Amino acid sequence: MTTKRIIQFIALSILLAGLPLLSWYYLKQGFEYRKEVLDDLGEYARLTAAELPTGKDTLLNASSLRTHIVVWALVPEEDSTRERMLYYLNEFHDQFQERPEVQYLLLPTAQDSAGLLKQLESLPLGQAAFLTAPGANAEPLAGREGLKLPLEKVDLDENPYLALTDSLVVKRYYDVRKQEDMKRLVEHIAVLLPVETSETELKREPEK
């Protein structure tokens, strides 16, 4: 066997042995990353409300969200927190707009929310379901009978938290004042989304 053939044989052997090892390494890394992200989620509350009023004078059946990943936002009156919350919600919408499994429910917490509702409807996030703002709806949804937001007191005027639900189970809370929380929310949505499957069908050629 010539030197050239020996080199080719060695190179081919390394390639054939190395590719499976490399694939295994990246699969293992991906598995460990997914496990780490999933381990970061919990079960903090379970939504059982049958109906929630929407801004269009219709009723939203909570059971219709059972098959969705939902970001819940009780939008505060406090300007800087509200603007930060809406900025991130629009970013999430842009990133996941091709995935109908991801939904957004926004509930302005101010008693007089007509102006805020108009602002919300003008945003790119306008396909989301906007909820009305009576205090009687906001506080129960935030409190022990709903999302159980980690507020020191039920003061929704400055609420900084988003909640993520999967199958109506609250998986985690995210503080819009913390950029690392917003990055983590994107990771959690991505890992909870079902893997998209190809619709391409392999057709068997007819026998001749």
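Nothing here was measured: the structure is a model prediction, and the numbers come from that model.

Peer 1: Which parts of the structure should I look at to understand the environment of Asn-159?
Peer 2: Within the secondary structure, Asn-159 sits in the loop between helix H4 (135-142) and strand E7 (161-166). For Asn-159, a relative accessible area of 0% translates into the label buried. Apart from residues lying up to four places away in sequence, Asn-159 is in contact with Leu-74, Pro-76, Thr-81, Met-85, Leu-149 and Leu-151. Within polar-contact distance, the side chain of Asn-159 engages the backbone oxygen of Leu-74 at 2.9 Å.

Peer 1: What's the story with the confidence of the model for the chain in this structure? I'm lost.
Peer 2: The predicted model of the chain averages 75 in pLDDT, with 62% of residues at 70 or higher. Every residue in residues 198-208 is under pLDDT 50, and counting partners more than four places away or in other chains gives 0 contacts.

Peer 1: Mind showing me how you'd approach the packing of aromatic side chains here?
Peer 2: Aromatic ring pairs: the centre-centre distance and the angle between the two ring planes describe each pair. Taken as a whole, this structure holds 3 aromatic pairs when the rule is applied. When the centroid spacing of 5.3 Å and the interplanar angle of 55° are considered together, the rings of Tyr-44 and Tyr-173 count as tilted. Of the two residues, Tyr-44 sits in the loop between helix H1 (3-39) and strand E1 (45-46) while Tyr-173 sits in strand E8 (residues 169-175), which places them 129 residues apart along the sequence. What makes Tyr-44 partly exposed here is its relative accessible area of 43%. Given a relative accessible area of 13%, Tyr-173 falls into the buried group. A centroid spacing of 5.3 Å and a plane angle of 70° characterise the contact between Tyr-87 and Tyr-88, whose relative ring orientation is edge-to-face. The exposure class assigned to Tyr-87 is partly exposed, which follows from its relative accessible area of 48%. The class for Tyr-88 is buried, based on a relative accessible area of 12%. Each member of the aromatic cluster is reached from another via a ring pair, and the members are Tyr-87, Tyr-88 and Phe-92.

Peer 1: Just checking my understanding: could you explain the pairing of E7 for this structure?
Peer 2: Within E7, 5 of the 6 residues are buried, which leaves the element mostly enclosed by the surrounding structure. By the bridge criterion, 5 bridges tie strand E4 (residues 69-75) to E7 in an arrangement that is antiparallel. Counterpart to Ala-73 in the pairing with E7 is Leu-162. Relative to E8, E7 runs antiparallel, the two being bridged by 6 bridges. Its bridge partner lying in E8, Ala-163 is registered against Tyr-173. Linking E7 to E8, which pair antiparallel, is a turn of 2 residues; within it Ser-167 sits at a positive phi near 55°.

Peer 1: I'm lost on helix H2 (residues 79-96) in this one. Help?
Peer 2: Residues that lie three or four places apart on an α-helix share one face, since the helix turns once every 3.6 residues. Under the 1.5 Å per step criterion, the end-to-end length of H2 is 26 Å for 18 residues, consistent within 8% with the ideal 26 Å. Residues of H2 that are buried include every one of Thr-81, Arg-82, Met-85, Leu-86, Tyr-88, Leu-89, Asn-90, Phe-92, His-93 and Phe-96, and no others.

Peer 1: Could you clarify how one ought to interpret the pattern of salt bridges in this entry?
Peer 2: Any two side chains of opposite charge can pair if their charged atoms end up close together. Counted according to the given criterion, the structure contains 7 salt bridges. Two residues, Arg-82 and Asp-79, come together in a salt bridge whose shortest N-O distance is 3.0 Å. Taken together, the positions of Arg-82 and Asp-79, both in helix H2 and 3 residues apart, correspond to about one turn of that helix. Judged by its relative accessible area of 15%, Arg-82 falls in the buried class. With a closest N to O distance of 2.7 Å, Glu-187 and Arg-184 form a salt bridge. Note that Glu-187 and Arg-184 are positioned in helix H5 (residues 179-192) at a spacing of 3 residues, about one turn of the helix.

Peer 1: Sorry if this is basic, but what is going on with unusual backbone geometry here?
Peer 2: Phi is mostly negative for residues that are not glycine, and the peptide bonds are mostly trans. The backbone of Ser-167 sits at a positive phi, close to 55°, despite the residue not being glycine. Positionally, Ser-167 belongs in the loop between E7 and E8. A residue is classified by how much of its surface remains accessible, and Ser-167, at 33% relative accessible area, is partly exposed. Phi at Leu-168 takes a positive value of approximately 65°, unusual for a residue other than glycine.

Criteria and thresholds
Residues numbered from 1 in each chain as written. Predicted model: local features only at pLDDT ≥ 70, side-chain atom pairs only at ≥ 80, totals over all residues. Heavy atoms only, no water. Helix = DSSP H or I, 4+ residues; strand = E, 2+ residues; numbered from the N terminus. Buried < 20%, exposed > 50% of the residue type's maximum accessible area, 1.4 Å probe, protein only. Contact = heavy atoms within 4.5 Å. Polar contact = N/O pair within 3.5 Å; in protein donor to acceptor, adjacent residues only side chain to side chain. pLDDT = per-residue confidence, 0-100. Phe/Tyr/Trp six-rings, centres within 6.5 Å; stacked < 30°, edge-to-face > 60°. Pairing = 2+ DSSP bridges. Expected span 1.5 Å × (residues − 1). Salt bridge = Lys/Arg side-chain N within 4 Å of Asp/Glu carboxyl O.

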